[in-house]
Amino acid sequence: MTMLDNTSTTNTSTMNDTRAGAREWAALAVLMLPVLMVSVDNTVLSFALPAVSVDLKPSGTQLLWIVDLYAIMLAGLLIAMGSIGDRFGRRRLLLIGAIGFGFASLLAAYSTSAEMLMGARFLQGVFGATLMPSTLSLIRNVFPDVRDRRIAIATWAAMFSGGAALGPVLGGWLLGHFWWGSVFFINAPIILALIPLALVLLPESRDPDPGPLDLWAISLSLFAMLPTVFAIKNVAEHGLDDLTLTAFAIGIVSAWAFIRRLRRSAAPMIDLTLFHNRVFTGAIIANLLSLMGLTGFLFLGAQLSQLVMGLSPMDSALVLLPGLAATVLAGFAAVRLVQFISARVLVTVSFAASAAGYAVTALTGTPTVVSVAVAFAVMGIGIGMAETLTNDLMLSAVKPSKAGAASAISETAYEIGAVLGTAVLGTVLTSTYRTHLTYPAMLEWGERQGAFETLGGTVEAAKFYPNEVGEGLLESARSAFDLGVQYTSAVAIGLALMAAIVSWRTLKNA
């Protein structure tokens, strides 16, 4: 296949006979750079959270927002950016996003307050949303042959999930040598390589008949996402108060208005008829739930290994290496396995593996290096298989001209999963910890409200109290956190088993 502008309306069935050449595979390598960057930034802060807690002193809710604002903005804007890329050029949007992402990363690295870091993560999410739809949609256009495309998607999924697991490893190494802000410098060499290579190797492509850009629909999608996630987070700190209920109401009403807008539009951002296909819908749900399990595990695992097991950031990150390898290898293994075993069976088994990973965490008693490594490796096998297969099923169902919008739907599910993994599972962990932490009698209520909202803050604050008081506080904190891990794992196991059932029912014809 020649790397031509994909505004062409060439018949897909004819193009499927054309296999990819060296230039196409080189283009795939270039597309993996932004995928790596965005996925690493989804999780790179995981192992820096204890250091961020000490340095910037965020509240428990702010700590969750620091992690999630990035994924929230990605999820809220991916569909809009996919639509913009279809109209104005996917390569052009990718290059603009790369430059903006670099500036936002510098701002995050040098943040001096929790609020400043939250703002930087907000901007990273905005610019990150311009990168991801371009990658998967360009793959759809560069690789028309289903055999080549399946390998390309396996590579994409392996890079995405592998990057999510690699983030803590790279962050752990940097934290062992530099300050926590250094984790954001990972993006610099990637961006410097991406821009010139993209200009040389990537084709420009767009939808030849995109329709007008719907700014009202974009606004409604954000109003549906942001208040809903805020409400989930606010429950952890204040319960179902008026603010929480109001936020839920705004999110629900906005979601209803968004769907109504799409149904009435002559050229909607999202083709809702795609969801009439059970396989497409099942694949999207599987994407969401697999990332939910992954990010939830990383949120609790980073704190468990450092603050309970006493490992250094680098040693904590190395514990995840077997899981990283398992995720990547499972993605490529799925390409071969699906020739002999149905995607329905493989995706269902993948969620059983995720449940088993959390079960190892919950049932092994005192956590050890081996138990955490095994748990993440088992989970990685499931995540690697699920992401490769579900993305292939989803992307094969659309025309090349609509690849940007369809890719954005899939990636939105990824990011919603990442948000909910921290918002829901993180909320269970945080609220359980706060509820069961026992304070020494000498501490006043005002002190309790600030320093002891997170395990990292409690560990740091315990250093300023007499030995008996500090040791008692640490023991109570670790016990409360361990109970939080048990409860969080139980919720995650339930979600994974539910996802296995949904996959079995919806992917019947896959």
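Refer to the structure above for everything that follows.
Cut-offs used in this document
- Residues numbered from 1 in each chain as written.
- Predicted model: local features only at pLDDT ≥ 70, side-chain atom pairs only at ≥ 80, totals over all residues.
- Heavy atoms only, no water.
- Helix = DSSP H or I, 4+ residues; strand = E, 2+ residues; numbered from the N terminus.
- Buried < 20%, exposed > 50% of the residue type's maximum accessible area, 1.4 Å probe, protein only.
- Contact = heavy atoms within 4.5 Å.
- Areas by Shrake-Rupley, 256 points an atom, 1.4 Å probe, with all protein chains shown as cover.
- Axes fitted to C-alpha atoms, helices over the stretch in contact; angles between N-to-C directions.
- Parallel < 35°, antiparallel > 145°, perpendicular 65-115°, else oblique.
- Left-handed = near helix turned anticlockwise from the far one by under 90°.
- Polar contact = N/O pair within 3.5 Å; in protein donor to acceptor, adjacent residues only side chain to side chain.
- Phe/Tyr/Trp six-rings, centres within 6.5 Å; stacked < 30°, edge-to-face > 60°.
- Arc of directions from axis to C-beta.
- Nonpolar A, V, L, I, M, F, W, Y, C, P; charged D, E, K, R; others polar.
- Patch = residues over 30% accessible without salt bridge, like charges linked within 9 Å, V, L, I, M, F, W, Y side chains within 5 Å.
- Salt bridge = Lys/Arg side-chain N within 4 Å of Asp/Glu carboxyl O.
- Core = buried A, V, L, I, M, F, W, Y, C linked by side-chain atoms within 4.5 Å.

(A) Region of the structure containing the overall build of the chain. When you go through the chain residue by residue, the secondary structure sums to 19 helices and 0 strands. Looking at the 510 residues of the chain, the share that counts as buried comes to 59%. Across the chain, the fraction of contacts at a sequence separation of at least 24, relative to all contacts at a separation of at least 6, is 83%. About 19400 Å² of surface is accessible on the chain, with carbon and sulfur atoms providing 67% of the total.

(B) Looking closely at the packing of helix α11 (residues 278–308) against helix α14 (residues 343–363). At a minimum axis separation of 11 Å, α11 and α14 run at an interaxial angle of 15 degrees. Taken together, the axis directions place α11 and α14 in an arrangement best described as roughly parallel. Between α11 and α14 lies a crossing of left-handed hand. Along the contact surface, α11 presents Ala 286, Leu 289, Ser 290, Gly 293, Gly 296, Phe 297 and Leu 300, while α14 presents Val 347, Phe 351, Tyr 358 and Thr 361.

(C) Quick peek at the side chain of Ser 350. Here Ser 350 lies in helix α14. For Ser 350, the side chain forms a polar contact with the main-chain oxygen of Val 347, separated by 2.5 Å. Setting aside anything within four residues of it in sequence, one finds Ser 350 in contact with Gly 382, Met 385 and Ala 386.

(D) How the structure looks around the packing of aromatic side chains. A full pass over the atoms with the stated rule returns 5 aromatic pairs. Ring geometry for Phe 297 versus Phe 376: centroids 5.6 Å apart, planes at 20 degrees, classification stacked. Note that Phe 297 is positioned in helix α11 and Phe 376 in helix α15 (residues 369–396), a separation of 79 residues in sequence. For the pair Phe 297 and Phe 376, a shared accessibility class is recorded, and that class is buried. Taken together, the aromatic side chains of Tyr 110, Trp 179 and Phe 185 make up a single cluster linked through ring pairs.

(E) Layout of the environment of Thr 506. Assignment of secondary structure puts Thr 506 in helix α19 (residues 467–506). The class for Thr 506 is buried, based on a relative accessible area of 14%. For the pair Thr 506 and Ile 285, spaced 221 residues apart in sequence, the C-alpha separation works out to 9.7 Å. At 2.9 Å, the side chain of Thr 506 and the backbone oxygen of Val 502 are in polar contact.

(F) Broad picture of the environment of Leu 107. Relative to the helices and strands, Leu 107 is located in helix α5 (residues 90–109). Spatially, the C-alpha atom of Leu 107 lies 9.1 Å from that of Phe 184, the residues being 77 residues apart in sequence. Sequence-distant contacts of Leu 107, defined by excluding residues within four places in its chain, comprise Met 116, Ala 120 and Leu 123.

(G) The side chain of Gln 124, seen in detail. Within the secondary structure, Gln 124 sits in helix α6 (residues 114–142). In this structure Gln 124 touches Asp 41, Tyr 70, Phe 101, Ala 104, Ser 105, Phe 184 and Asn 187, once residues within four positions along its chain are discounted.

(H) Representation of helix α3 (residues 49–56) in the model. Here α3 has its buried residues at Leu 49, Pro 50, Val 52, Ser 53 and Leu 56. Buried residues along α3 cover an arc of 165 degrees about the axis, so they all sit on one side. Lys 57 sits one or two positions beyond α3 and adopts a positive phi of about 50 degrees.

(I) Geometry of the packing of α5 against helix α8 (residues 187–201). For the pair α5 and α8, the least separation of the axes is 10 Å and the interaxial angle reads 160 degrees. Comparing the axis directions of α5 and α8 gives the class roughly antiparallel. For the element pair α5 and α8, the recorded crossing hand is left-handed. Between α5, through Arg 91, Leu 94, Leu 95, Ala 98, Ile 99, Phe 101, Gly 102 and Ser 105, and α8, the contact on the second element is made entirely by Asn 187, Ile 191, Leu 194, Ile 195, Ala 198 and Leu 199. Of the residues assigned to the contact of α5 with α8, the class counts are 10 nonpolar, 3 polar and 1 charged.

(J) Representation of a nonpolar patch on the surface within the structure. Among the surface-exposed residues, Ile 99, Phe 103, Leu 106, Tyr 110, Trp 173, Phe 178 and Trp 179 lie close enough to one another that they form a single nonpolar patch of about 790 Å² accessible area. For Leu 106, the position within the fold is in helix α5. Using a relative accessible area of 41% as the deciding quantity, one classes Leu 106 as partly exposed.

(K) Looking closely at the nonpolar core. Formed by 135 residues in total, the largest nonpolar core has its most connected members in Val 52, Leu 117, Ile 139, Trp 156, Trp 180, Phe 184 and Met 269. When residues no more than four places from it in sequence are discounted, the contact partners of Trp 180 are Ala 48, Ala 51, Val 52, Asp 55, Leu 56, Ala 108, Ser 111, Leu 117 and Leu 175.

In short, geometric facts, not functional conclusions.
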